[in-house]
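The residues making up each chain are set out below.
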Amino acid sequence: MRGCTETESSSGDLPRCRGKSAQRIDYERVIAALRHRTEKSWQDTSMLIRAAAPDDSDAIWSIMEPIVRAGETYTLPRDMEKEAALAYWQSAGHEVFVAEDEGQVVGTYFLMANQKGGGSHVANCGYMTSVAAMGRGVARAMCAHSLERARERGFRAMQFNFVVSTNERAVRLWQSLGFAIVGRLPGAFDHPAQGYVDAYVMYRDLT
């Protein structure tokens, strides 16, 4: 019976076996490859999160436009034009950041006080990820960065005022990062495909 000749692709796939028998697989290499896959995160890439610069506006709009047009997650007019959208995202009081991966802007978020006066110790954020970069950990990286930045600025908590319930990926992500659903707004969002759906208020303590 033929033995097994192991090969490994340059992409870091699990060791493969050539031949009719797979009896001599190196299990230590298999375990190491699985560990590499599990532990790899956005920190292992060239992703950089930095303050937005004036010349990032076109890249920010390229991320915003398909999300605004879809109208499934933000309470923004679906026909909103570039100037109005950027004026909203970059408005006074918003500290804006972008996420870069391999030199390309793949996400953006803003940080602000959720309220004025007696509510100014609670932060609020908005996040958008490039459609082409979804599933690559961009939103998780931006949220983690925003939590650190909020603490640096002295905020004692972070609150998301309007998380559309049908945006299940976002809800699960925020929960995995320590946010809890503390309120439900019945039928508060008119989803373009699903009609009137609930929205959540989500909250996380930062102290």
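Just so it is clear, the structure is predicted and the values come from calculations on it, not from any experiment.

Q: What's the story with the overall build of the chain in this structure? I'm lost.
A: Of the regular secondary structure elements, the chain holds five helices and nine strands. Secondary structure elements in the chain, listed N-terminal to C-terminal, are β-β-α-β-α-α-β-β-β-α-β-α-β-β. Within the chain, the fraction of its 207 residues that count as buried is 37%. For the chain, contacts bridging at least 24 residues in sequence account for 54% of all contacts bridging at least 6. Taken as a whole, the chain presents about 11,900 Å² of accessible surface, with 49% of it coming from carbon and sulfur.

Q: Help me out: how do you make sense of the pattern of salt bridges in this one?
A: Where charged atoms from two side chains of opposite charge approach closely, those side chains can pair. Counting across every chain of the model gives nine salt bridges. Its salt-bridge partner being Asp101, residue Arg136 comes within 2.7 Å of it at the nearest N-O pair. Residue Arg136 is located in the loop between strand S6 (122–129) and helix H4 (138–152), and its partner Asp101 is located in strand S4 (residues 95–101); the two are separated by 35 residues in the primary sequence. What makes Arg136 partly exposed here is its relative accessible area of 42%. Among the ionic contacts, a cluster of salt bridges with common partners joins Glu95, Arg149, Glu152 and Arg153.

Q: When you look at the sheet that holds strand S3 (residues 48–51) in this model, what are you seeing that I'm missing?
A: The pairing of strands in a sheet happens through backbone hydrogen bonds and is either parallel or antiparallel. Pairing within the open sheet is mixed, and its seven strands lie in the order S3-S4-S5-S6-S7-S9-S8. The open sheet terminates on both sides in strands that have one partner only, identified here as S3 and strand S8 (180–191). The sheet shows a mean angle of 25° between the axes of neighbouring strands, taken without regard to direction. On top of the sheet, helix H3 (residues 82–89) reaches S4, strand S5 (104–113) and S6; it is set at about 55° to S5, its chief contact.

Q: Teacher, can you tell me more about the nonpolar core here?
A: Tyr109, Tyr127, Met158, Phe160, Trp174 and Phe179 are the most contacted members of the largest nonpolar core, which totals 30 residues. Going through the elements one at a time, S4, S5, S6, H4, strand S7 (157–164), helix H5 (168–176) and strand S9 (195–205) are the ones with two or more residues in this core. Tallying contributions element by element places H4 first for this core, with six residues. When sequence neighbours within four positions are dropped, the list of residues in contact with Tyr127 reads Tyr74, Trp89, Thr108, Tyr109, Met142, Cys143, Ser146, Met158, Phe160 and Trp174.

Q: Sorry if this is basic, but what is going on with the packing of H4 against H5 here?
A: For any two helices packed against each other, the geometry comes down to the angle between their axes and how far apart the axes lie. One can describe the packing of H4 onto H5 by two numbers: an axis separation of 11 Å at closest approach and a directional angle of 40°. Compared by their axis directions, H4 and H5 come out oblique. With respect to the hand of their crossing, H4 and H5 are arranged in right-handed fashion. Contact with H4, carried on its side by Ala139, Arg140 and Cys143, involves Leu173, Trp174 and Ser176 of H5 and no other residues of that element. Grouping the constituent residues of the contact of H4 with H5 by class yields four nonpolar, one polar and one charged.

Q: Quick question: what am I supposed to make of unusual backbone geometry here?
A: With the exception of glycine, the majority of residues adopt a negative phi angle, and the majority of peptide bonds are in the trans configuration. One non-glycine residue with positive phi stands out, namely Glu102, at about 55°. Relative to the assigned elements, Glu102 resides in the loop between S4 and S5.

Q: Sorry if this is basic, but what is going on with H4 here?
A: Turn by turn, an α-helix covers 3.6 residues, leaving residues three or four places apart pointing in a common direction. The end-to-end C-alpha distance of H4, which contains 15 residues, comes to 21 Å, matching closely the 21 Å that a straight helix rising 1.5 Å per residue would cover. Within H4, the full set of buried residues consists of Val138, Ala141, Met142, Cys143, Ser146, Leu147 and Ala150.

Q: Explanation requested: the environment of Gln104 in the structure shown.
A: Note that Gln104 resides in strand S5. A relative accessible area of 58% means that Gln104 is categorised as exposed. The spacing of Gln104 and Leu48 is 56 residues in sequence and 9.7 Å in space, taken between C-alpha atoms.

Q: Mind showing me how you'd approach the confidence of the model for the chain here?
A: Interpretation of the predicted coordinates at a detailed level should be avoided for regions scoring low in pLDDT. Predicted confidence across the chain gives a mean pLDDT of 85, with 78% of residues reaching 70 or more. The model gives residues 1–25 a pLDDT under 50, and that stretch makes 38 contacts with residues more than four places away or in other chains. For residues 30–42, every residue scores under 50 in pLDDT, and the model assigns this stretch twelve contacts once sequence neighbours within four places are set aside.

Q: Honestly, the pairing of S8 in this entry has me stumped. Any pointers?
A: Two faces belong to every sheet, and in a regular strand the side chains alternate between them. Note: S8 against S9, eight bridges, orientation antiparallel. For Ile181, the partnering residue across the bridge sits in S9 and is Met202.

The rules behind the values
- Each residue is numbered by its place in its chain's sequence as written, counting from 1.
- Side-chain atom pairs in this predicted model are given and counted only at pLDDT of 80 or more, local residue features only at pLDDT of at least 70, and totals for whole chains, interfaces and linings cover all residues.
- Remark: hydrogens and water are excluded; side-chain values derive from all non-hydrogen atoms of the structure.
- Strands are runs of DSSP state E lasting at least two residues, helices are runs of H or I lasting at least four, and both sets are numbered from the N terminus onward.
- When a residue's accessible area, from a 1.4 Å probe over protein chains only, is under 20% of the maximum for its type it is buried; when over 50% it is exposed; and in between it is partly exposed.
- Should any heavy atoms of two residues lie within 4.5 Å, those residues are counted as being in contact.
- Only the protein chains shown count as covering a residue, and every accessible area follows the Shrake-Rupley method with a 1.4 Å probe.
- A carboxyl oxygen of Asp or Glu within 4 Å of a side-chain nitrogen of Lys or Arg is what we treat as a salt bridge.
- Two strands make a pair as long as DSSP finds a minimum of two bridges between them.
- With axes taken as lines fitted to C-alpha atoms, and helix axes fitted only over the stretch in contact, angles between N-to-C directions fall between 0 and 180 degrees.
- By nonpolar core we mean a set of buried residues, namely Ala, Val, Leu, Ile, Met, Phe, Trp, Tyr and Cys, connected to one another through side-chain atoms within 4.5 Å.
- Every angle not falling under 35 degrees, over 145, or within 65 to 115 is termed oblique; those three ranges are roughly parallel, roughly antiparallel and roughly perpendicular.
- In this scheme, a crossing is called left-handed if the near helix is turned counterclockwise away from the far one by less than a right angle; it is called right-handed if the turn is clockwise.
- Throughout this entry, Asp, Glu, Lys and Arg are counted as charged residues, while Ala, Val, Leu, Ile, Met, Phe, Trp, Tyr, Cys and Pro are counted as nonpolar. The remaining residues, Gly among them, count as polar.
- For a helix, the expected span equals 1.5 Å multiplied by the residue count minus one.
- Per-residue confidence from the prediction method is given by pLDDT, with values spanning 0 to 100.

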